[in-house]
Number of protein chains: 2
Amino acid sequence: MASYTTVALKAELNERGWRLTPQRETILQVFQNLPKGNHLSAEDLYNHLSGEGENISLSTIYRTLKLMARMGILRELELAEGHKHYELNQPHPHHHHHLICVRCNKTIEFKNDTILKTGTKTAQKEGYHLLDCQLTIHAICPACQRSLLPL
Amino acid sequence: MASYTTVALKAELNERGWRLTPQRETILQVFQNLPKGNHLSAEDLYNHLSGEGENISLSTIYRTLKLMARMGILRELELAEGHKHYELNQPHPHHHHHLICVRCNKTIEFKNDTILKTGTKTAQKEGYHLLDCQLTIHAICPACQRSLLPL
DNA sequence: CTCTTTAATGAGAATCATACACAATCAATT
DNA sequence: AATTGATTGTGTATGATTCTCATTAAAGAG
Ligand SMILES: [Mn+2]
Ligand SMILES: [Mn+2]
Ligand SMILES: [Zn+2]
Ligand SMILES: [Zn+2]
């Protein structure tokens, strides 16, 4: 679960002259305790925290999500139109990809070891420092195929 | 080049009770004539067309891009923060993926036959109708690694 | 070709996710 | 305990995308 400790986060932040704040620690913990297959938008996270009595401003939420994605701690996902979703960026055995229905946004996660290898190799070949590697499949789910609704 | 003819577009549209308009035809042609490796945002497309004397409204541009992505004619790409980019969705020998620097948005295209096979198989297994399948690698390019700028 | 139906367009206003500005706070370091 | 500048919260701004609605014009029928 807690593949990423508070201590490790603090170390990585301080190394760059940044700081570990209670807000950042709390947000990381939310993602670490998030059930498998869940993905949170900025607003989802804000509401989740508010429900727990944790009052972290939306600005800080947005800043933290972006920061952690840039650090490679979180993955930024485009699972629906209009807003991003986030989840922990986990290594090998937990690393996965997403099959998304473009009409109803139903999302299925699936694993494939080859893809991560391909991503790692490709980044390395170009001298890029890998942060995340995700296969996104856009498709229409069985239910939506049957539906007569347009688009 | 013109893997997708105007006639085919018209047939596919009419089949669903929709119409082939001069605007839709023009927009498809722009993408078909776009040099390899180019990606257009809605505004890019709008400016490109304006430059050619083609005056298609931004509303229509947005509607058409979304429509064609939903039809599987265009791919919707997240190559930069804040707005989408589009390119033709081409089959096998031209199908490719993207390695993106999250700091400067420099993008490199690369090919990998296995990924498309994986995507096709995964969609099929779940009964989804495949529209697009793209591996997105988020990373930091060599230049940005050297840069001292934050984030 | 003409007529009818209704999808599509253009112009502008509305939305809403996200970024920004800035004064107050507080984490890190000495 | 004092210093320094990164971070936060509040409110405001931005900007990509969508919506509204009157007008236009494809598609299909006759
Ligand atoms: Mn996931
Ligand atoms: Mn491309
Ligand atoms: Zn669906
Ligand atoms: Zn870069």
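See the structure printed just above.
A quick note: this is a predicted structure, and the numbers were derived from the prediction, not measured.

(A) Just the overall build of chain A, in detail. The helix and strand inventory of chain A stands at 6 helices and 5 strands. With the principal axes as the frame, chain A shows a C-alpha extent of 55 × 45 × 25 Å. When each of the 151 residues of chain A is scored for burial, the buried share is 45%. Put simply, chain A shows about 8000 Å² of open surface, and 51% of that area lies on carbon and sulfur atoms. For chain A, the distance from the average position of its 17 positive side-chain charges to the average position of its 15 negative side-chain charges is 5 Å.

(B) Quick peek at the packing of helix 1 (residues 6–15) of chain B against helix 2 (residues 22–32) of chain B. Residues and elements named next belong to chain B. Two elements in contact, helix 1 and helix 2, have axes whose closest approach is 11 Å; the angle formed by their N-to-C orientations is 130 degrees. Comparing the axis directions of helix 1 and helix 2 gives the class oblique. At the point where helix 1 passes helix 2, the crossing takes the right-handed sense. Between helix 1 and helix 2, the contacting residues are Thr6, Leu9 and Leu13 on the first element and Arg24, Glu25, Leu28 and Gln29 on the second.

(C) Examining the packing of helix 2 of chain B against helix 4 (residues 58–71) of chain B more closely. Residues and elements named next belong to chain B. Relative to each other, helix 2 and helix 4 sit at 65 degrees, their axes nearing to 10 Å. By the angle class used here, helix 2 and helix 4 are roughly perpendicular. For the pair helix 2 and helix 4, the sense of crossing is right-handed. In contact with Gln23, Arg24, Ile27, Leu28 and Phe31 of helix 2, helix 4 contributes Thr60, Ile61, Thr64, Leu65, Leu67 and Met68. For the contact of helix 2 with helix 4, the class distribution of residues is 7 nonpolar, 3 polar and 1 charged.

(D) Seen up close, the relation of the copies chain A and chain B. Least-squares fitting of chain A to chain B yields an RMSD of 0.0 Å, with the transformation described by 0.0 Å of translation along the axis and a rotation of 180 degrees. Overall, the copies show the geometry of a two-fold rotation axis. Relative to the rotation axis, the closest C-alpha in chain A is found at Leu135 of chain A, a distance of 2.1 Å. When the interface residues of chain A are mapped onto chain B, 100% of them again fall at the interface, so both copies present the same face.

(E) Representation of the protein's contact with DNA strand D within the structure. DNA strand D sits among 25 residues. The nearest are Arg19, Arg24, Thr60 and Arg63 of chain A together with Tyr62 of chain B. Backbone atoms, meaning sugar and phosphate, form 63% of the atoms of DNA strand D found within 4 Å of the protein. In this structure, Gln23 of chain A approaches DNA strand D through a side-chain N or O atom, which is 3.0 Å from a sugar or linking oxygen. Between DNA strand D and Arg63 of chain A, the relevant distance is 2.8 Å, taken from a base nitrogen to a side-chain nitrogen or oxygen of the residue. Of all the secondary-structure elements, those providing two or more residues to the surface near DNA strand D are helix 2 (22–32) and helix 4 (58–71) of chain A together with helix 1, helix 4 and strand 2 (83–88) of chain B. Here the element with the most residues in the surface near DNA strand D is helix 4 of chain B; it accounts for 4 residues. For the surface near DNA strand D, the class distribution of residues is 4 nonpolar, 11 polar and 10 charged.

Procedures and definitions
Residues numbered from 1 in each chain as written. Chains lettered and ligands numbered in written order. Predicted model: local features only at pLDDT ≥ 70, side-chain atom pairs only at ≥ 80, totals over all residues. Heavy atoms only, no water. Helix = DSSP H or I, 4+ residues; strand = E, 2+ residues; numbered from the N terminus. Buried < 20%, exposed > 50% of the residue type's maximum accessible area, 1.4 Å probe, protein only. Areas by Shrake-Rupley, 256 points an atom, 1.4 Å probe, with all protein chains shown as cover. Lys, Arg positive; Asp, Glu negative; His and termini not counted. Charge placed at Lys NZ, Arg CZ, Asp CG, Glu CD. Axes fitted to C-alpha atoms, helices over the stretch in contact; angles between N-to-C directions. Parallel < 35°, antiparallel > 145°, perpendicular 65-115°, else oblique. Left-handed = near helix turned anticlockwise from the far one by under 90°. Contact = heavy atoms within 4.5 Å. Nonpolar A, V, L, I, M, F, W, Y, C, P; charged D, E, K, R; others polar. Least-squares fit on C-alpha atoms with pLDDT ≥ 70 in both. Near = heavy atom within 4 Å. Polar contact = N/O pair within 3.5 Å; in protein donor to acceptor, adjacent residues only side chain to side chain.

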